[in-house]
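Next come the chains, spelled out residue by residue.
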Amino acid sequence: MADPGMSVTPYWELTFDADGDVDGPERDRLTAQVTDRGVRDLVVFAHGWNNDRSGATALYRRFFAPVPELAPRARLGYVGVIWPSMRFSDEPIPDFPRSVAAEEAGAAPRPALDKDTRRALLETFPDRTTVVDRLARMLDERPGGEAGLTEFGRLVRLLLDEGRRGAADTDEEGEPAVFTLDPAGVCEELAGALAALDPAGTTAGFGLPDPWDGAKELLRQATYYTMKRRAGAVGEHGLGPLVGRLAEAAPGVRVHLVGHSFGGRLVAFALRGLPEGVRAVKSVTLLQGAFSHYAFASRLPHDPDRAGALKGRERRIDGPLVCCHSHFDSALGTFYPLASRLAGDDRSCAGNEIAAVLGPRWGAMGHDGVQAVPGTARTDLAAALAGPLPASGCVSVDVAAVVRRGGAPSGAHSDIVHPELARVVLAAGRIA
């Protein structure tokens, strides 16, 4: 059911499971009511990593709040997509209250994984309770030597195997090398990147970075990789077909897809699952999209015989694909490329320097926008809001003017609740 405290109306929620199956009564309620409520433009928002429905709904409540005043004459409806993702509770979200567990963790001794994070891991990997408990103990105990890190890496691999079971293969990049290389070296590399981003926040103080800080980051990356695959499956097998069904039930409704982080991947892969001939999607807006910036490329610059997983899918939109990006996003500017392909030869880099060392091959949409798609327009936030935006094709908008706040390790990745970004969504959809 929709949250009665939602800031906008009419508002519906659509709940998907990990395979992309949607809650039937919620789906039927939307398709039956959207026309009766006089909706012409339907904004469908998919969250990124969240641990529960309340967190996702809070994001939608705050992001949608300024829209009625920004477009007072529009006949708008709103959908919040709920899908099973997770985040580590120690990741700060600007202006959002910290979880109770994270607050309690301030007392010593502080566990490496607070109770909210442990619970989220168990929900994400339900058949790996023993593995999750063992990983948590090892992060607390930090056994010395490479043997401990090697065992930690083996256990993380077991989680990956669990997360991959039954998942549709929607990932064009294969398994990131971070999970196949020597765990001790990988943990040292990740610890170095963490220390460079937040020198005061590591346990090593003024000494060398502690590889066990990197071990926690390795576990975090394993959950991200699982969520990344899941987001693609939910988009292609769940949201895409549902939009087709909605177009049949309410042919006059214009659909605008919006996604944050892995939710950006979800709405992008919905284009791959959209039935042929359906032209209901009038815009797609990616907010700090956590997937390859080559996803829409017909030829990969480093491998011209291969294409991105969403080659040409922007043409399924009867309007523009708008990609908002910010170099203040550490999750995508540092750890996304590191986890995809560790440099192995420069552990002093962070942020944009990481991207420079690794080169563009491993970049993410939310860090530098759409790449290798001819004709992509590039602009900044002020120009985008002065408008108009292109009526079709890919548009990369540098939103670093507002997406700039947040602490380590994710930086500004979740700093998306701004009226300026709501205005971008409206501009992309040509919503008056």
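Residues numbered from 1 in each chain as written. Predicted model: local features only at pLDDT ≥ 70, side-chain atom pairs only at ≥ 80, totals over all residues. Heavy atoms only, no water.

Under an unreviewed UniProt entry, the name given to the chain is Serine-threonine protein kinase, and the organism recorded is Streptomyces sp. 900105245.

Points about helix α2 (residues 53-64)
Heads up, the rule is: Elements are defined by DSSP. Helices are runs of H or I of four residues or more, strands are runs of E of two residues or more, and each kind is numbered from the N terminus. Multiplying 1.5 Å by the helix residue count minus one yields the expected span of that helix. Buried means the residue's accessible area, taken with a 1.4 Å probe over protein chains only, is under 20% of the maximum for its type, while exposed means over 50%, and partly exposed covers the values in between. When checking whether two residues touch, look at their non-hydrogen atoms; a contact exists if any pair is within 4.5 Å.
The end-to-end C-alpha distance of α2, which contains twelve residues, comes to 16 Å, matching closely the 16 Å that a straight helix rising 1.5 Å per residue would cover. Of the residues making up α2, those classed as buried are Ala56, Thr57, Ala58, Leu59, Tyr60, Phe63 and Phe64. Close packing links the buried residues of α2 with β1 (11-15), β2 (41-46), α3 (67-70), β3 (76-82), β5 (281-287) and α15 (419-428).

Here's the deal with the sheet that holds β3
Rules: Strand pairing is assigned whenever DSSP identifies at least 2 bridges connecting the two strands. Angles shown run from 0 to 180 degrees and are taken between the N-to-C directions of axes, each axis being a line fitted to C-alpha atoms and, for helices, limited to the stretch in contact.
The sheet built from eight strands is open, its strands ordered β1-β3-β2-β4-β5-β6-β8-β7 with parallel pairing. Unpaired on one side and paired on the other, β1 and β7 (377-380) mark the two borders of the sheet. Here the strands of the sheet are splayed against their neighbours by 20 degrees on average, with no regard to which way each runs. When β1 meets β3, the two strands line up parallel, connected through five bridges. Of the residues in β3, the one forming a bridge with leucine 14 is valine 81. Against the sheet, helix α1 (residues 24-33) makes contact with β1, β2 and β3, and its axis sits at roughly 145 degrees relative to β1, the strand it touches most. Against the sheet, helix α9 (residues 211-249) touches β1, β2, β4 (254-260) and β5, its axis set at about 160 degrees to β4.

Overview of the nonpolar core
Rules: Note on terminology: a nonpolar core comprises buried Ala, Val, Leu, Ile, Met, Phe, Trp, Tyr and Cys residues joined through side-chain atoms within 4.5 Å.
If you look at the biggest cluster of nonpolar residues, it comprises 92 residues, and the most contacted ones within it are Leu42, Tyr60, Leu257 and Phe296. Looking at this core element by element, the count peaks at nine residues for α9. With residues near it in sequence (within four places) discarded, leucine 42 still touches Trp12, Leu30, Val34, Gly77, Tyr78, Val79, Leu246, Val253, Arg254, Val255 and His256. Counting 33 residues, the second largest nonpolar core, distinct from the first, contains Met86, Ala112, Ala222 and Tyr225.

Let's talk about unusual backbone geometry
Cis geometry is adopted by the peptide bond preceding proline 10, which originates at threonine 9 and carries an omega value of -5 degrees. Looking along the chain, the bond that leaves glycine 387 and enters proline 388 is cis, with omega of -5 degrees. Checked against the element boundaries, proline 388 lands in the loop between α14 (381-386) and β8 (393-398). In this structure, serine 261 is a non-glycine residue whose phi angle is positive, near 60 degrees. For serine 261, a relative accessible area of 0% gives the class buried. Positive phi, close to 50 degrees, is recorded for glutamine 288, a residue that is not glycine. Secondary-structure assignment places glutamine 288 in the loop between β5 and β6 (320-325). Residue classification places glutamine 288 among the buried positions, given a relative accessible area of 1%.

Some remarks on the packing of aromatic side chains
So the rule is basically this: We call Phe, Tyr and Trp rings a pair once their centres come within 6.5 Å, taking the six-membered ring for Trp, and we label the pair stacked below 30 degrees between planes, edge-to-face above 60, and tilted otherwise.
In the structure shown here, the tally under the stated rule is ten aromatic pairs. Between phenylalanine 45 and phenylalanine 63 the ring centres are 5.1 Å apart and the planes differ by 85 degrees, which places this aromatic pair in the edge-to-face class. Linking phenylalanine 45 in strand β2 with phenylalanine 63 in helix α2, this pair joins segments that are 18 residues apart in sequence. The buried category is assigned to phenylalanine 45, whose relative accessible area is 0%. Pairing phenylalanine 63 with phenylalanine 64 gives two aromatic rings, centres 6.4 Å apart and planes at 75 degrees, and the pair type is edge-to-face. On the basis of relative accessible area, phenylalanine 63 is assigned to the buried category, the value being 3%.

Digging into the pairing of β5
Let me state the cut-off plainly: Orient the strands so they point away from the viewer; a crossover is then right-handed if the path from the first strand over the helix to the second runs clockwise.
Burial analysis of β5 places seven of its seven residues in the buried class, which makes it a mostly covered element. Relative to β5, β4 runs parallel, the two being bridged by six bridges. Each bridged residue has a counterpart across the sheet, and for histidine 260 the counterpart in β5 is leucine 287. Regarding topology, helix α10 (residues 262-270) serves as the crossover connection from β4 to the parallel β5, and that connection is right-handed. The pairing of β5 with β6 spans four bridges and is parallel. Note on β6: the bridge partner recorded for valine 284 is leucine 321.

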